[in-house]
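In case you want the letters, here they are:
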Amino acid sequence: MEISQHFRAILCFVECAQQGSFAGAARKLSISSSAVSKNIANLEKVMNIRLMNRTTRKLTLTEEGERFLTQSQVAIQALDNAVSQLAASQAVVSGHLRISTSVAFGHRYLLPLIPGLKQHYPHVAIEIDFDDRVTDIIADGYDIVIRGGRILDSSLIARPICKIPLVLVASPAYLAQHGVPRDVESLLQHPLIGRRFLGGKISPWSFKQEDGALRIIEPTPHHLCLSSPESQVDAARLGLGIAQVGLHQAIEDLQAGNLLALMTDQHEPGNYEMVIQYPHRAFTAPRVKACVAYLLDALTQDERLQLTGAMRSRYQAK
């Protein structure tokens, strides 16, 4: 196969994998389904490797196909970046930027920055997905992901925005009626407001013991279990029990006295953080570099996000 045929066949393969069918790829590429099938078959023949298994109902990638898909997507992104770099050489940052972030963080912290970002880079078209699910930045086609938690993916560049210390909170009215827990045993007698992630796992709560070890408990789902920390804050404010949330999510209610912090000397704040992630620098487009720099500068200067675990004691219930 000639180079142009290779590239055409790889495009067919990538689109077929993403669309899940020859017909879907054909529509995306404006060619016939038979042409898509023929291109992929020729690609497999040249490489002497089966990339996908075909049945009458669906297509599934082989293990080799999965690896080749990742490599192909990186290569295609590199070509797309070459176009952006050409625009950058003319001192114009342009192109299409896809961002993924959580619903609450995106609406509260990211969206207010977009007017300024657009003013700086008017030729960049911005698309933002507000979604709490875990995304695959390359497979899902994002340029930037802003996420919180324990960041483990070393294949991506991660630029820290802030730490996310955890805090236990309850309303003053609730504590006046039910009492203030002083240790884990008394805490377990209270209704605990748990958080269930989209994958089904319930977020654990950790406590420092006298011997330095950690005691981990899982709040029972039989009282109240919610999928977002914002709803947990609301539930705690309504007096429904005790919740564990990020300090930045509860800070305004703590400052206003609507919530009080609990057991700050025992409750482990965790090692969570909020970061901006993007693919490896070797394949970073100018539009991505420019927008990451702008967002990172703005977010790291937002005082609402620059909180520490030690600050929790300011709002400790008596």
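Note that this is a predicted model, so its numbers are computed, not measured.

## Brief notes about the overall build of the chain
Inference 1: Each helix and strand counted, the chain has 11 helices and 14 strands in total.
Inference 2: Whereas a compact globule of 318 residues would reach a radius of gyration of roughly 20 Å, the chain reaches 25 Å, over 25% beyond that.
Inference 3: Across its three principal directions, the C-alpha atoms of the chain cover 75 × 50 × 35 Å.
Inference 4: Of all 318 residues assigned to the chain, the portion counted as buried reaches 42%.
Inference 5: Carbon and sulfur atoms provide 52% of the accessible area of the chain, an area that totals close to 16,700 Å².
Inference 6: Counting 32 positive and 30 negative side-chain charges, the chain places the centres of these two groups 5 Å from one another.

## Focus: the packing of aromatic side chains
Inference 1: Counted by the stated rule, this structure contains 2 aromatic pairs.
Inference 2: Ring geometry for F13 versus F68: centroids 5.4 Å apart, planes at 45°, classification tilted. Taken together, the residues span a long stretch of sequence, with F13 in helix α1 (residues 3–19) and F68 in helix α4 (residues 63–89) at a distance of 55 residues.
Inference 3: With a centroid separation of 5.0 Å and an interplanar angle of 35°, the aromatic rings of F105 and Y109 are classed as tilted.

## Overview of helix α10 (residues 247–256)
Inference 1: For α10, the buried fraction is high: 7 of the 10 residues fall into the buried class.
Inference 2: Every buried residue of α10 is listed here: L247, H248, Q249, A250, I251, D253 and L254.
Inference 3: Its buried side turned inward, α10 meets α5 (103–110), β7 (166–170), α9 (229–237), β12 (242–246) and β13 (260–262).
Inference 4: A positive phi of about 85° marks G257, the residue just after α10.

## Re α9
Inference 1: For α9, the full list of buried residues reads P229, Q232, V233, A235 and A236. All buried residues of α9 fall inside an arc of 165° around its axis, so they share one side.
Inference 2: Residues of α9 that are buried make contact with β7, β8 (192–195), β11 (224–226), β12 and α10.
Inference 3: Looking one or two places after α9, you find G239, whose phi comes out positive at around 80°.

## Things to note about the environment of T70
Inference 1: Tracing the chain through its elements places T70 in helix α4.
Inference 2: Counting along the chain gives 68 residues from T70 to I138, while the straight-line C-alpha distance between them is 7.7 Å.

## Thoughts on the sheet that holds β8
Across a sheet, paired strands are connected by hydrogen bonds in the backbone, their directions being either parallel or antiparallel.
Inference 1: Pairing in this open sheet of 5 strands is mixed, and the strands run β11-β8-β12-β7-β13 from one edge to the other. Looking at the sheet topology across the chains shown, the edges are occupied by β11 and β13. Each neighbouring strand pair of the sheet contributes to a mean axis angle of 40°, computed without reference to strand direction.
Inference 2: Looking at chain direction, β7 and β13 are connected through 3 bridges and run antiparallel. Counted as the bridge partner of V169 is A261 from β13.

## Structural notes on the sheet that holds strand β4 (residues 124–130)
Inference 1: Strands sit in the order β4-β3-β5-β14-β6 across an open sheet of 5 strands; the sheet is mixed. Two strands lie at the open edges of the sheet, namely β4 and β6 (157–163), each paired on one side alone. Strand-to-strand twist of the sheet, defined as the mean angle between neighbouring strand axes without regard to direction, takes the value 20°.
Inference 2: With 3 bridges connecting them, strand β3 (residues 95–101) and strand β5 (residues 144–149) associate as parallel partners.

## So, the pairing of β12
Inference 1: The element β12 is extensively covered by neighbouring structure, given that 5 of its 5 residues are classed as buried.
Inference 2: Relative to β12, β7 runs antiparallel, the two being bridged by 4 bridges. Opposite V167, over in β12, you have V245 as the bridge partner.
Inference 3: Pairing between β8 and β12: 2 bridges, direction parallel.

## Section: the pattern of salt bridges
Two side chains carrying opposite charge are able to pair once their charged atoms lie near each other.
Inference 1: Within this structure, the stated rule accounts for 11 salt bridges.
Inference 2: A salt bridge links R67 to E63, with the shortest nitrogen-to-oxygen separation between them at 3.4 Å. Remark: E63 and R67 occur in helix α4; sequence separation between them is 4 residues, near one turn of the helix.
Inference 3: Between D253 and R237 there is a salt bridge, with the nearest N and O atoms lying 3.0 Å from each other. Taken together, the residues D253 in helix α10 and R237 in helix α9 connect sequence positions 16 residues apart.
Inference 4: Given a relative accessible area of 10%, D253 falls into the buried group.
Inference 5: Judged by relative accessible area, which is 35%, R237 ranks as partly exposed.
Inference 6: A network of salt bridges, in which partner residues are shared, links R98, E127 and D129.

Rules used in this analysis
- Residues numbered from 1 in each chain as written.
- Predicted model: local features only at pLDDT ≥ 70, side-chain atom pairs only at ≥ 80, totals over all residues.
- Heavy atoms only, no water.
- Helix = DSSP H or I, 4+ residues; strand = E, 2+ residues; numbered from the N terminus.
- Rg over C-alpha atoms; globule rule 2.2 N^0.38 Å.
- Buried < 20%, exposed > 50% of the residue type's maximum accessible area, 1.4 Å probe, protein only.
- Areas by Shrake-Rupley, 256 points an atom, 1.4 Å probe, with all protein chains shown as cover.
- Lys, Arg positive; Asp, Glu negative; His and termini not counted.
- Charge placed at Lys NZ, Arg CZ, Asp CG, Glu CD.
- Phe/Tyr/Trp six-rings, centres within 6.5 Å; stacked < 30°, edge-to-face > 60°.
- Contact = heavy atoms within 4.5 Å.
- Arc of directions from axis to C-beta.
- Pairing = 2+ DSSP bridges.
- Axes fitted to C-alpha atoms, helices over the stretch in contact; angles between N-to-C directions.
- Salt bridge = Lys/Arg side-chain N within 4 Å of Asp/Glu carboxyl O.

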